[in-house]
Each structure stands twice: as C-alpha cells, then as structure tokens.
Amino acid sequence: MNVLISGAGIAGTALAYWLRRHGCTPTVVERAPAIREGGYKIDIRGAALEVITRMGLLEAVRRERTDVRGGSIVNAAGRRVASMDGDTFGGRTGEDAEILRGDLNRLIYDLTRDEVDYLFDDAIASLTDGPDGVDVVFDSGRKARYDVVVGADGLHSHTRALAFGPEERFVHDMGYHVSIFSVPNHLGLDRWELTYVGAGRTALTYSTAKDTGAKAMFLFAADGDAFDRRDRAQQQRRLAEAYKDEGWEVPELLRGMADAEDFYFDTLSQVRMDRWSTGRVTLVGDAAYCASPASGQGTSLALVGAYVLAGELASADGDHAKGFDRYESELRHFAEENQKLGPKNIRQMVMRSRAQVWFAMTMLSLMARLPGKDRLAAKVVEPIHRAATAISLKSYER
Ligand SMILES: Cc1cc2nc3c(=O)[nH]c(=O)nc-3n(C[C@H](O)[C@H](O)[C@H](O)COP(=O)(O)OP(=O)(O)OC[C@H]3O[C@@H](n4cnc5c(N)ncnc54)[C@H](O)[C@@H]3O)c2cc1C
C-alpha cells in the first residue's frame, strides 16, 4: 500500500515508522524545510509509553528527558506558595516521561529517514479521491497517485480542509489563548518551573536540562477573541494587553517575545469530528482529535493513534475502508477520554476571578503543610493516568 502522509510531526513520523514496519510504502510531505528542533516540553504517558517501547525508543527517550526536578506556584511578590516534585507537577506516574517535542520528533525521524521518502519544503495543493487511488498535486508541481492519503498536519490541517471542509466546522475554541516562546533564563532556574496565577491569566516559566535559556508560557481567558494567524505583531499586542499591569516577573518575560524566533500564539482548541475518514483520506493526531495543550495528552494521542491506524490498515489486507472503520472503533473511546481532560484541566490552570485565585492559593499553601499531601497529589494525577491507559493495544505483528 502506497500511503502519502502530510506532516512530519510526531503523528506523521510515527505513522511512517509503523506503516514501514508492516510492509507498506509511506511517503511524508512536510511544509517546513526540516524537522523542527527544540520546542516546548511534552509528556509521554500510559499506552503511548508502550508504543515507544515497541518502537525500541524507550532508552533513547529516557536519555533525552528534560529532567525537570520540580515546580512551584508563586504569588505576585514571587513568594513560593507551594512546591512539588517534577512528576507530580507534570501529572506523571511510574515510567511516564517528559521530553522536548523536537527531541522526540528527531528520534522518530532518525528511525525512519533511511527507509521513508521525506519531501521537505512541499505540501499538498490538491487531492482528487477516485476509485483506484488519490491523485495528488503538490505545491512544487509534482504529481503522484497514492492508495491512501493521511493528514497528520496538526490542528489547522490543510488535508482536513481539502477532504472534509472548512476548519470552523471541526475546530472548537475553548475560550482561551496560549502563547509560548524562548526567553533568557533571567531567574537562573535550574530544571525548575514557576507558575503565577492571576485572575483570568496564568504565566509560567521553566528551564530544562536540554535548554540553555528558558521558556515562557501564557494561558489567558479570551472568549472568542479573533486574531489573524499570520500577523505576529497583532498577536504580540494581544498578549501584552492581556497581561497589562500584571505583577511577578510577567513584564520581564513579555519583553522576551520581541526577539523570540519560536514565538507561538493560538487559541486553545479541540478538534471534534464524527468521522476521521472519508473515501481514501483519513486523519491522525491533532488534525483528527486535538485534545488541546491543556490536556497534556496530545503527543500520547498522536503516538497511539499512529500505531492503531498503521496496524489496522496493514491488517485489512488492502481494504482501506475496513482499516479506517477499525481504526475509528479501536481509538474513539481513547481519544474521547483524553479530550475530556482539556476543559477540566484548563479550569484549574486559569482561574476566572480574584476570589478564586485567593481561595486556590490559600488551599495550596495549607496543603503544602498537610501530612497527607502526597495522597492528595496522587488524586490530581489519577484522572490523567486513567485516560492515558484507556486502551489496550493489540499486537499487529504477523
Ligand atoms: C503550546 C503547546 C503545548 C503543548 N503541550 C503539550 C504537553 O504538555 N503534552 C502533550 O502531550 N502535548 C502537548 N502539546 C500538543 C502536542 O504538541 C501535539 O498534540 C502533538 O505533538 C501531536 O501533534 P501532531 O503531530 O498531530 O501535529 P503537529 O505537532 O502540529 O505537527 C504537524 C506537522 O505538520 C506540518 N504541516 C502543517 N501544515 C502542513 C501542510 N499543509 N503540509 C505539510 N506539512 C504541514 C507541520 O509543520 C508539522 O511538522 C502542546 C502543543 C502546544 C502548541
């Protein structure tokens, strides 16, 4: 089976790996000139850790861990209200691992680059789905026919727009904006994360073992506030306005955005679709079931989704429609359980009123002094762990 994958992120490279292992012939087209390095930290939990193990990457992932030792919640004066170890702060249990998105992407890419055809600096311009295959025209003018096309091109998937329709139908704004970018490590953080919670706006900064500098991240309530995705200056103005007059280190962190090459700004959104497949086209990862960065499960969903899609397609013996149906029925429950985390988590990450912030800070500082605080912390991690393990992975080896 000849499969074209659009997007060489985590979902796309992992899908290429598994398709190749099952004897299919994947081609990956990526809009960027190369695999993106660095980036923010992401978690690999539960079933996704099993996928990583079956790919033979567990040791490499362990080696590349961010090694963040812990995190603290701070108040406007910078006082640490509560501190936790890295795993509790990041909602991880057991072997769950935290790694930079770009490091994981590179590891999977390196595993596939000799056997998979990667077309960088190109993209799908048009798709014509027919009974014998999908005719694809690329931006570069290249033309080819594939048995199946998979959109692994993220939240704003172009493949989804071409095959299913405009993104307004599928991308649901959760009422918040998220921004993240690299900043100088002016607080001298050593593998530590600091989170400041203001009314309707949260700001955090962290350093990892893999960065020389630090990252600043902002999450703020922005009910339906539209912005232009191509206008970086406008996005930076929005961010500055949202945090106007905010205390702690916020002004200094915001100063870093002018020079940040990796400035990222978007709505916090989820993708919800009744079907992930149409004709010979299907979707995987954020393109199909983005759970939002607030879920902390986007990468795990992408890894598990890629594993299941490749396995079901390969075991359907050329019947792509059967493979797509099984992919949907195997994965849908897992995707929905993980999507439920997004709205739940964001309400804890961004508090709507001053009274809520005051109450949460008081509870946190009390909790920090309680003898049973570890049990309370375990309760916070429990729903994430349950969602992360809400699938038993088949073995598709033949
Ligand atoms: C700020 C932020 C914080 C996050 N935090 C976490 C976290 O803590 N834990 C977690 O698990 N997940 C987190 N995520 C989510 C996680 O990054 C994704 O869910 C995960 O990487 C899976 O993404 P993907 O491969 O489906 O899509 P993406 O990572 O978006 O990759 C899509 C790829 O497609 C390419 N592409 C786009 N358009 C085209 C096109 N037209 N043609 C060809 N190529 C194209 C892109 O360049 C990219 O390489 C976070 C995301 C963000 C933005």
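What you are looking at is a predicted structure, and each value in this text was computed from that prediction instead of being measured.

Across the sheet, 7 strands lie side by side as β5-β4-β13-β14-β15-β12-β16; this open sheet has mixed pairing. The open sheet has two edge strands with one neighbour each: β5 (80-85) and β16 (264-271). Neighbouring strand axes in the sheet, compared pairwise and without regard to direction, differ in orientation by 20° on average. Pairing of strand β12 (residues 171-183) with strand β15 (residues 214-221), which is carried by 8 bridges, proceeds in the antiparallel orientation. Bridge assignment links S179 to a residue of β15, and that residue is F218. Across the sheet, helix α12 (residues 341-349) is in contact with β12, β13 (192-198), β14 (201-206), β15 and β16; its angle to β12 comes to roughly 55°.

The environment of the ligand is made up of 30 residues, and the closest members are E30, Y40, R101, D286 and T299. At 3.0 Å from an oxygen atom of the ligand is found a main-chain nitrogen or oxygen belonging to T299. When the free accessible area of the ligand is taken as 1000 Å², the share hidden by the protein chains comes to 90%. Sorting the residues of the shell around the ligand by element identifies α1 (10-21), β2 (25-30), β3 (41-44) and α10 (298-315) as the ones contributing at least two each.

Now for the UniProt feature "domain: FAD-binding" (unreviewed entry) in the chain. Summarizing the sequence annotation, UniProt attributes the feature "domain: FAD-binding" (unreviewed entry) to residues 2-337 in the numbering used throughout. In the segment residues 2-337, helix accounts for 32% and strand for 30%; the C-alpha atoms at its two ends are 32 Å apart.

Here the focus is helix α14 (residues 373-388). Taking 1.5 Å per residue as the helical rise, α14 with its 16 residues ought to reach 22 Å, and the 23 Å between its terminal C-alpha atoms agrees with that figure. Along its length, α14 reaches its greatest deviation from straightness, about 35°, at V381, and the proline P383 lies no more than four positions downstream. Listed as buried for α14 are A377, V381, I384, A387 and A388. Check the buried side of α14 and you find it contacts α2 (47-54), α4 (86-89), α11 (320-339) and α12.

Across all of its chains, the model carries 38 salt bridges by this definition. A salt bridge links R92 to E98; its shortest N-O distance comes to 3.1 Å. Taken individually, R92 and E98 each receive the classification buried, so the pair is uniform in this respect. Close ionic contact of D190 with R191 constitutes a salt bridge, the shortest N to O distance being 2.9 Å. The exposure class of D190 is partly exposed, given its relative accessible area of 39%.

This next bit is on the pairing of β5. In this sheet, β5 lies alongside strand β4 (residues 70-74) in antiparallel orientation, the contact comprising 5 bridges. Within β5, the position partnered with G70 by the bridge is D85. In this antiparallel pair of consecutive strands, β4 and β5, the connection spans 5 residues, and G78 shows a positive phi of 90°.

Right, let's get into the environment of A8. For A8, the location among the structural elements is in the loop between β1 (2-6) and α1. Between the alpha carbons of A8 and F120 there is a distance of 8.8 Å; along the sequence they are 112 residues apart.

Our next topic: the side chain of E193. Checked against the element boundaries, E193 lands in strand β13. Its relative accessible area of 10% is what places E193 among the buried residues. Excluding anything up to four places from it in sequence, E193 contacts K41, G70, G71, S72, F89, L204, T205 and Y206.

The strand order β7-β2-β1-β11-β18-β17 describes an open sheet built from 6 strands, whose pairing is mixed. Bordering the open sheet on either side are β7 (117-120) and β17 (277-278), each of which pairs with just one other strand. Bridging between β17 and strand β18 (residues 281-283) involves 2 bridges; their strand directions are antiparallel. Considered in β18, the bridge of T278 is made with V281. In the packing of α11 onto the sheet, the strands contacted are β11 (148-151), β17 and β18, and the crossing angle to β18 comes to about 20°.

Quick notes on the rules
Residues take numbers from 1 onward in each chain, read along the sequence in its written order. Local features are withheld for residues below a pLDDT of 70 in this predicted model, meaning they are given only at 70 or higher, and side-chain atom pairs are given and counted only at 80 or more; totals for whole chains, interfaces and linings count all residues. To obtain the side-chain values, all non-hydrogen atoms of the structure were included, while hydrogens and water were left out. A pair of strands is considered paired only if DSSP assigns at least 2 bridges between the two. Numbering of helices and strands starts at the N terminus; helices are DSSP runs of H or I of at least 4 residues and strands are runs of E of at least 2. Axes, fitted as lines to C-alpha atoms, cover a helix only where it is in contact. Angles between the N-to-C directions of the axes lie from 0 to 180 degrees. Any two residues whose heavy atoms approach within 4.5 Å are treated as being in contact. Only heavy atoms are used to decide nearness, and a residue is near a molecule or strand if one of them lies within 4 Å of it. Polar contacts here mean pairs of N or O atoms no more than 3.5 Å apart (in protein, one a potential hydrogen donor and the other a potential acceptor; neighbouring residues in sequence count only if both atoms are side-chain atoms). The Shrake-Rupley method, run with a 1.4 Å probe sphere, supplies the accessible areas, and residue values consider only the shown protein chains as cover. UniProt positions are given in the numbering used here, feature names are shortened, and annotations may be inferred rather than shown by experiment. Take the number of residues in a helix, subtract one, and multiply by 1.5 Å to get its expected span. A residue's bend is the angle separating two fitted axes: one through the seven residues that end there, the other through the seven that start there. The buried label goes to any residue with under 20% of its type's maximum accessible area, the exposed label to any with over 50%, and the partly exposed label to all in between, with areas taken from a 1.4 Å probe on protein chains only. Salt bridges, as used here, are contacts in which a Lys or Arg side-chain nitrogen is within 4 Å of a carboxyl oxygen on Asp or Glu.

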